[in-house]
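# Report on the structure
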Amino acid sequence: MTIRVLLADDQALLRSAFKVLVDSEPDMEVVGEAADGAEAVALARSQRADVVLMDIRMPGTDGLAATRMISADPDLAGVRVVMLTTFEVDEYVVQSLRAGASGFLGKGAEPEELLNAIRIAAAGEALLSPVATKGLIATFLAQGGHTDSAPGDGQAYSERLAALTVREREVLVLVAGGHSNDEIAERLEVSPLTIKTHVNRAMAKLGARDRAQLVVTAYESGLVRPRAE
């Protein structure tokens, strides 16, 4: 099965470089290029893209707004967005994950990292780089000023977390720590398929689109506390 990739970046030279790289792989192809977010949303729909490589900062409709639009459209439920950032430590990273992105990648990433990111996102997994997984999300949430939770969200989180089983909570904490299904399975001494089932059930109960949203929910709900560095 060929992964259909959409490139959304206002820099034509960068899009061209990504296109050459992606089209060189036998299991993926570029099906469209967009110079702004609005065009990216339209092409995601018309070209039936599987993964959108989305630059956060673009003129007009930026990547953050475009990601929200894609996530809110039921017809685009199968589309995964990977945010591209100039710097991994970026104030928009948490916002992009909350908006529905499956993860993010620095523009300075190695070619193999980019290709791997596309495959991970297409498989429905969360793409969180080591930098992010080890503390970036926790850092922004700990600062307090970057969250946009509305009053009453705490109670809503508590009610949804109450629906989780003890094992689902345990798995959620490990997911928030950046562990893969295989790593969690090894730690809990169960099969990866069992962990996948727990993750899927937690996503359904918490209303999370994918693992990336599980990570944000785990921190915002207070289930996982940021570590003091």
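For the structure itself, consult the block above.
Calculation criteria
Position labels on residues start from 1 in each chain and follow its written sequence. At least 70 in pLDDT is required for a residue's local features to be given in this predicted model, at least 80 for side-chain atom pairs to be given and counted, and no such filter applies to totals for whole chains, interfaces and linings, which use all residues. For the side-chain quantities, the full set of heavy atoms in the structure was used; hydrogens and water were omitted. By definition, any uninterrupted DSSP run of H or I lasting at least four residues is a helix, any uninterrupted run of E lasting at least two residues is a strand, and each is numbered from the N terminus. Working definition: with a 1.4 Å probe on protein chains only, accessible area under 20% of the residue-type maximum means buried, over 50% means exposed, and in between means partly exposed. Pairs of residues are marked as contacts when any of their non-hydrogen atoms sit within 4.5 Å. In short, Shrake-Rupley with a 1.4 Å probe defines the accessible areas, and a residue's cover is counted only from the protein chains shown. A pair of strands is considered paired only if DSSP assigns at least 2 bridges between the two. Each axis is a line fitted through C-alpha atoms, taken for helices only over the stretch in contact, and angles between the N-to-C directions span 0 to 180 degrees. Place the viewer so that the strands point away; then a crossover is right-handed whenever the path from the first strand over the helix to the second strand goes clockwise. Summarising the geometry, the arc corresponds to the directions from the helix axis toward the C-beta atoms. In the analysis that follows, any N or O atom pair within 3.5 Å is treated as a polar contact, provided that within protein one partner can donate a hydrogen and the other can accept it, and provided that, for residues neighboring in sequence, both atoms belong to side chains.

### Comments concerning the overall build of the protein chain
The number of helices and strands found in the protein chain is eleven helices and five strands. Buried residues in the protein chain amount to 47% of all 229 residues. Put simply, of all contacts in the protein chain between residues at least 6 apart along the chain, 66% involve residues at least 24 apart. In the structure as shown, the protein chain presents an accessible area of about 10,900 Å², 52% of it carried by carbon and sulfur atoms.

### A look at the environment of S96
Mapping S96 onto the fold places it in helix α4 (residues 93–99). The residues touching S96, leaving out its near neighbours within four places in the chain, are L64, T67, M83 and A101.

### What about the sheet that holds strand β2 (residues 28–34)?
One open sheet accounts for five strands, arranged β2-β1-β3-β4-β5; its pairing is parallel. Lying at the two open borders of the sheet, with one neighbouring strand each, are β2 and β5 (103–106). Looking at each pair of strands side by side, their axes are set apart by 25° on average, direction ignored. Bridge analysis of strand β4 (residues 80–85) against β5 gives four bridges, and the strand direction is parallel. Considered in β5, the bridge of T85 is made with G106. In the packing of helix α2 (residues 37–46) onto the sheet, contacts are made with β1 (3–8), β2 and β3 (51–55), and the angle to β2 comes to roughly 140°.

### Points about the pairing of β2
Summarising burial for β2: five of the seven residues are buried, a large majority. Pairing between β1 and β2: six bridges, direction parallel. Bridge pairing links V5 to V30 in β2. Assessed by its sense of winding, the connection that carries the chain from β1 through helix α1 (residues 12–23) to β2 is right-handed.

### A few points about helix α3 (residues 63–72)
Looking at α3, one finds that the buried residues are G63, L64, A66, T67 and I70. Buried residues in α3, looked at end-on, bunch into an arc of 160°, giving them a common side. The backbone nitrogen of L64 has a side-chain oxygen 3.2 Å away, supplied by the residue at the start of α3, namely D62.

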